[in-house]
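Observations on chain architecture
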Amino acid sequence: MYRPLVGTLATAALGAAALMTAAPAGAAPAGAAAHHKPKPPQTKAVDFAGTVALDNCSGSIVKMPTSQPNDPALVMTNGHCLETGMPSAGQVIVDQPSSRSFTVLDKSAGDLGSIQATKVVYSTMTDTDVTLYETGSTYAQIEQKYGIKPLEVSTDHPAKGAAITVVSGYWKKTYTCGIDGFAPTLKEGDWTWKDSVRYTPECKVIGGTSGSPVVDNATGKVTAINNTINENGERCTVNNPCEVDGSGNVTVHDGIGYAQETYTIPKCFGTGNKLDLNAAGCTLPKPSGIRH
């Protein structure tokens, strides 16, 4: 995963692909077999509407299925993009004041203006890699001022083979590829993530793409959040995540990027977009002070 960018640092030191700008999905193989492949299903065009640019990462304005127009809008990015520094392994941060600004983009990646956080609702790099901010603007206010609607977080587990687009507000660039499969355990440096999405080779994400929403092309909903790539084939080091199976066997995929699933997050939010880590079905890690 890429450490948040500072100045012109584009291949910074922590997780090269946490904010993703991905390349087009895999090209069809050469030869006669390619001509007999069925046509891919028609999908929705994915643009930049609903995404935001941070000072060092990418992100998106997101809604849960239960979110209402007058609820405070949420912005989602990576845990390692947190402005106060990356959470350590096992650390969970909730309800922390924040005044971070986010640049709202139109569908063509033009700057519309900004919205501002009031607090960090939730942030961790344990099991997943996510930060969720509450902003001082409601969804209705954002739509009235900028004409932008939020992206909806899907409640369905991502599907192997699904066509996806990584939308980087920082770089104002998209990457299109597919879901190659899932890593039961993904390790990078001190951090461990569970059931991570593995991209097909076309999504060559770079620093600054961290926190980009991974959009399912068929539904237009957020299915994951981009967070890392194995830069040079090393094993389980920073910027070089490795996969670990149930028997402890380690696999390294040089040049392959990953994202963290988001389908369980809506279960942790209730009326008014309020976080409830004790809600039924919520599996996000809890701070040590919150009872399980």
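What counts and what doesn't
- Residues numbered from 1 in each chain as written.
- Predicted model: local features only at pLDDT ≥ 70, side-chain atom pairs only at ≥ 80, totals over all residues.
- Heavy atoms only, no water.
- Helix = DSSP H or I, 4+ residues; strand = E, 2+ residues; numbered from the N terminus.
- Polar contact = N/O pair within 3.5 Å; in protein donor to acceptor, adjacent residues only side chain to side chain.
- Contact = heavy atoms within 4.5 Å.
- Core = buried A, V, L, I, M, F, W, Y, C linked by side-chain atoms within 4.5 Å.
- Buried < 20%, exposed > 50% of the residue type's maximum accessible area, 1.4 Å probe, protein only.
- Phe/Tyr/Trp six-rings, centres within 6.5 Å; stacked < 30°, edge-to-face > 60°.
- pLDDT = per-residue confidence, 0-100.
- Pairing = 2+ DSSP bridges.
- Salt bridge = Lys/Arg side-chain N within 4 Å of Asp/Glu carboxyl O.
- Disulfide = S-S within 2.5 Å.

Okay, the side chain of Asp129 next. Mapped onto the elements of the fold, Asp129 is located in the loop between β6 (111–124) and β7 (130–138). At 2.8 Å, the side chain of Asp129 and the backbone nitrogen of Gly79 are in polar contact. Once you skip the residues sitting within four places of it in the chain, Asp129 turns out to touch Met1, Thr77, Asn78, Gly79, His80, Thr124, Trp193, Ile225, Asn227 and Gln260.

Our next topic: the nonpolar core. Ranked by size, the top nonpolar core spans 38 residues in total, and within it Ile61, Met76, Phe102, Ile115, Leu132, Ile265 and Phe269 carry the most contacts. Looking at this core, the elements that each hand over two or more residues are β2 (58–63), β3 (72–77), β4 (92–97), β5 (101–105), β6, β7, α1 (139–146) and β13 (222–229). Per element, the largest residue contribution to this core is 5 residues, and it comes from β6. In contact with Met76, not counting residues within four places along its chain, are Gly59, Ser60, Val62, Val130, Thr131, Leu132, Gly211, Val222, Ile225, Thr262 and Ile265. Among the nonpolar cores identified, the runner-up in size contains 14 residues, and Ile179, Val197, Cys203 and Ala259 belong to it.

Next up on the list: the environment of Val92. Relative to the elements of secondary structure, Val92 occurs in strand β4. Accessibility expressed as a relative area gives 12% for Val92, which makes it buried. A sequence separation of 194 residues divides Val92 from Lys286, and the C-alpha atoms of the two residues are 6.3 Å apart. Ignoring anything within four residues of it in the chain, the contact list for Val92 reads Tyr122, Ser123, Thr124, Pro285, Lys286 and Pro287.

Moving on to the packing of aromatic side chains. All told, the structure shown has 2 aromatic pairs when counted by the stated rule. Between Tyr170 and Trp171, the aromatic rings sit 5.0 Å apart at their centres with planes inclined by 80 degrees, giving edge-to-face as the arrangement. Its relative accessible area of 23% is what places Tyr170 among the partly exposed residues.

Take the environment of Leu132 next. Mapped onto the elements, Leu132 comes out in strand β7. Its relative accessible area of 0% is what places Leu132 among the buried residues. Spatially, the C-alpha atoms of Leu132 and Lys119 are 8.9 Å apart, while their sequence positions differ by 13 residues.

Across the protein chain, the average pLDDT comes to 88, with 84% of residues at 70 or higher. Here residues 6–42 is a poorly scored stretch, pLDDT under 50, and it has 127 contacts once near neighbours within four places are set aside; other chains count.

This next bit is on the pairing of β2. With 5 of 6 residues buried, β2 is to be regarded as a mostly interior element. Taken together, the 3 bridges between strand β1 (residues 51–53) and β2 define a ladder with antiparallel strand orientation. For Thr51, the partnering residue across the bridge sits in β2 and is Ser60. Bridging between β2 and β3 involves 3 bridges; their strand directions are antiparallel.

Looking now at the pattern of salt bridges. Enumeration over the complete set of coordinates arrives at 9 salt bridges. Arg100 is paired through a salt bridge with Glu83; the nearest N and O atoms lie 3.6 Å apart. On the criterion of sequence distance, the pair formed by Arg100 in the loop between β4 and β5 and Glu83 in the loop between β3 and β4 is long-range, its members being 17 residues apart. The partner of Glu243 in a salt bridge is Arg198, with the nearest N and O atoms 2.7 Å apart. Of this pair, Glu243 sits in strand β14 (residues 242–244) while Arg198 is found in strand β11 (residues 191–199), placing the two residues 45 residues apart along the sequence. Among the residues examined, Arg198 registers a relative accessible area of 12% and is labelled buried. Here the residues in one salt-bridge network are Asp55, Glu83 and Arg100, joined through shared partners.

Glancing now at the state of the cysteines. Inspection of every chain in the model, using the stated rule, returns 4 disulfides. Covalently, Cys236 is tied to Cys242 through a disulfide, its sulfur atoms 1.9 Å apart. The chirality of the disulfide connecting Cys236 with Cys242 is right-handed, given an S-S dihedral of about 100 degrees. Across a sulfur-sulfur distance of 2.0 Å, Cys268 and Cys282 are joined as a disulfide pair. Its torsion about the S-S bond being 100 degrees, the disulfide of Cys268 and Cys282 is classed as right-handed. Taken as a pair, Cys268 in the segment after β16 (257–261) and Cys282 in the segment after β16 lie far apart in primary sequence, 14 residues in all.

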